[in-house]
Amino acid sequence: MRKKLHDRVASFKDASDLREKGLYPFFRAIESGQDTRVMIDGKEVLMFGSNSYLGLTNHPKIKEAAKAAIDKYGTGCAGSRFLNGTLDIHLALERRLAQYVGKPAAVIFSTGFQVNLGVLSCLTGRNDYLILDEYNHASIIDGSRLSFSRVIKYAHNNMQDLRVKLSLLPEEATKLIAVDGIFSMEGDIVKLPEIVEIAEEFGANIFVDDAHSLGVIGMNGAGTASHFNLTNEVDLIMGTFSKSFASLGGFIAGDEDVIDYIKHRARALLFSASMTPASVASVLAAIDIVESDPGIIDKLWANTNYAKKLLLAEGFDLGGTESPILPIYIRDNEKTFMVTNLLQENGLFVNPVVSPAVPSDSSLIRFSLMASHTFGQIDEAVDKLSKAFKALSVPLVKENI
Ligand code: PMP
């Protein structure tokens with residue numbers, strides 16, 4: 001038995017190969033808060049690899065709210081929402097989120113990943129169809145596997161393909177189209193108006209994962225459906241608290257009856273402990289900040305547009321991004337790791353993204369903006385990027401085309 005386990009892992013060489021080359025970029029320990037500058041190995045590094053789009057993870061009001069929640073409720077809830085783990089602030093956050101995204105009801109889970117596992121697996125079953133964009137997040141894929149439903153993937157943001165795939169399905173079958181609102185690696189926005197039209201034509205329901213859209217697009221950052229003014233046309237809105245909202249956890253919002261069903265059927269909710277008091281209070285405080293000062297979202301977009309302009313002027317290939325996620329395409333795994341490594345040595349933290357997170361010919365550096373970055377920091381980061389590409393003779397992809 002023990003030998004079998006070792007035999008199985010022995011064939012996994014990806015990490016050891018990278019370690020041997022001195023290029024291993026994962027599980028880097030950060031010795032400070034997640035801010036525009038972080039400490040790594042005792043050295044200050046510019047952070048352009050965070051999902052803290054609004055830069056709120058060290059906001060004094062949020063930290064204060066988290067501490068007050070610990071003082072009042074303690075550090076954990078010691079159970080699932082279903083039994084002993086529901087606090088009054090869990091319910092308050094659910095009401096607040098429903099209102100924020102414009103749906104009648106919401107329920108919160110302990111991570112965004114668990115929302116997708118729990119919701120997708122309980123809403124569709126053996127004879128139903130889940131229709132997914134091929135670039136959807138891993139949690140949607142895993143949720144669809146747990147559902148045992150028939151999974152149909154269509155080419156990324158390709159509405160013609162979606163229409164063809166739907167037209168082949170039985171008319172009376174239950175069909176749920178599940179998509180990312182902003183795609184987490186490519187940074188483009190889902191074509192929701194077309195999806196709504198197609199869903200109507202073929203009698204499908206719509207689920208939008210707003211992990212990267214909350215706090216970023218829509219009214220006061222209310223997400224993709226709000227951005228397109230299609231909140232009533234989308235059945236389910238999912239979001240996470242681990243990005244713009246400076247915390248940990250996630251939610252699903254929709255009609256009362258659907259949310260009530262999810263509350264009694266989603267195993268990832270029923271059989272897992274509830275969000276900690278500090279995490280809940282942090283989200284409530286983050287929503288207060290976003291709603292009282294939407295200027296913070298304008299700042300995120302000013303930074304995004306500024307960085308995008310500079311990077312494009314340098315000749316970097318940013319694909320079709322429409323968000324604060326700027327993918328810098330290298331399309332070669334080893335070079336992607338080399339650039340990441342050199343940048344880190346030179347004081348810039350970015351994320352290398354290779355297969356299976358993206359197709360094998362699409363490896364990229366994921367460069368993401370925060371509202372708290374200064375233009376000076378963006379200048380510095382772009383300069384470091386250009387120098388690293390030159391020093392390693394990595395072509396800007398556009399030069400190759
Ligand atoms: N959906 C998407 C699109 C994501 O990018 C992520 C996290 N990267 C999740 C869901 C899972 O969210 P969490 O990290 O809060 O578990």
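Residues numbered from 1 in each chain as written. Predicted model: local features only at pLDDT ≥ 70, side-chain atom pairs only at ≥ 80, totals over all residues. Heavy atoms only, no water.

Our focus in this paragraph is the confidence of the model for the chain. Looking at the chain as a whole, the pLDDT averages 96, with 98% of positions reaching at least 70. Here the prediction assigns the complex a pTM of 0.97, and the interface score ipTM is 0.99. (pLDDT = per-residue confidence, 0-100.)

Another aspect to go through is the sheet that holds strand S6 (residues 175-180). Strand pairs in the sheet, formed through backbone hydrogen bonds, run parallel or antiparallel to each other. If you trace the seven strands from one edge of the open sheet to the other, you get S3-S9-S8-S7-S6-S4-S5, paired in mixed fashion. At either end of the open sheet lies a strand with only one pairing partner, and these are strand S3 (105-109) and strand S5 (150-154). Pairwise comparison of adjacent strand axes, ignoring direction, gives a mean angle of 20° for this sheet. Strands strand S4 (129-133), S5 and S6 of the sheet are contacted by helix H7 (residues 159-167), whose axis makes an angle of about 150° with S5. (Pairing = 2+ DSSP bridges. Helix = DSSP H or I, 4+ residues; strand = E, 2+ residues; numbered from the N terminus. Axes fitted to C-alpha atoms, helices over the stretch in contact; angles between N-to-C directions. Contact = heavy atoms within 4.5 Å.)

Now for the environment of Thr321. In this structure, Thr321 sits in the loop between helix H13 (295-314) and strand S10 (325-329). With near-sequence residues (within four places) excluded, Thr321 lies in contact with Glu186, Gly187, Asp188, Lys308, Leu326 and Pro327. Looking at Thr321, its side chain comes within polar contact range of the main-chain oxygen of Gly187, at 3.4 Å. A polar contact is formed between the side chain of Thr321 and the backbone nitrogen of Ser323, at a distance of 3.4 Å. (Polar contact = N/O pair within 3.5 Å; in protein donor to acceptor, adjacent residues only side chain to side chain.)

Take the domain arrangement of the chain next. You can read the domains of the chain as domain 1 (13-47 + 294-392) and domain 2 (60-292). Relative to domain 2, the C-alpha centre of domain 1 lies at a distance of 27 Å. Taken together, the contacts link 18 residues of domain 1 with 18 residues of domain 2. Counting the surface domain 1 buries against domain 2, the share from its top three residues, Pro294, Ile297 and Glu322, is 34%. Our count for the contact surface shared by domain 1 and domain 2 stands at zero salt bridges. On the surface where domain 1 and domain 2 come into contact, there are six residue pairs in polar contact (both at pLDDT 80 or more). Looking at the side of domain 1 that touches domain 2, the elements with two or more residues in it are H13, S10 and strand S13 (364-368). Residue composition of the side of domain 1 that touches domain 2, by class: 13 nonpolar, three polar and two charged. (Domains from an automatic or database assignment. Buried area = accessible area lost by both parts, 1.4 Å probe. Salt bridge = Lys/Arg side-chain N within 4 Å of Asp/Glu carboxyl O. Nonpolar A, V, L, I, M, F, W, Y, C, P; charged D, E, K, R; others polar.)

Moving on, we come to the site of the ligand. The immediate surroundings of the ligand are formed by 16 residues, with Phe113, Asp209, His212, Ser242 and Lys243 found nearest. Contact between the ligand and Gly112: an oxygen atom at 3.1 Å from a main-chain N or O atom of the residue. In this structure, a nitrogen atom belonging to the ligand sits 2.6 Å away from a side-chain N or O atom of Asp209. Contact with the protein chains hides 84% of the accessible area of the ligand, taken as 390 Å² for the molecule alone. Sorting the residues of the shell around the ligand by element identifies helix H5 (112-123) and strand S8 (236-240) as the ones contributing at least two each. No other element matches H5, which puts three residues into the shell around the ligand. For the shell around the ligand, the residue count by class is three nonpolar, 10 polar and three charged. (Near = heavy atom within 4 Å. Areas by Shrake-Rupley, 256 points an atom, 1.4 Å probe, with all protein chains shown as cover.)

On to the packing of helix H14 (residues 333-345) against helix H15 (residues 375-391), then. For any two helices packed against each other, the geometry is given by the interaxial angle and the distance between the axes. Here H14 crosses H15 at 125°, and the two axes come no closer than 10 Å. It follows that H14 is oblique to H15 by the angle criterion. Two packed elements cross with a definite hand, and for H14 against H15 that hand is right-handed. Here Val339, Leu342 and Leu343 of H14 lie close against H15, whose contacting residues are Lys384, Leu385, Ala388, Phe389 and Ala391. Taken together, the residues that form the contact of H14 with H15 break down as seven nonpolar, no polar and one charged. (Parallel < 35°, antiparallel > 145°, perpendicular 65-115°, else oblique. Left-handed = near helix turned anticlockwise from the far one by under 90°.)

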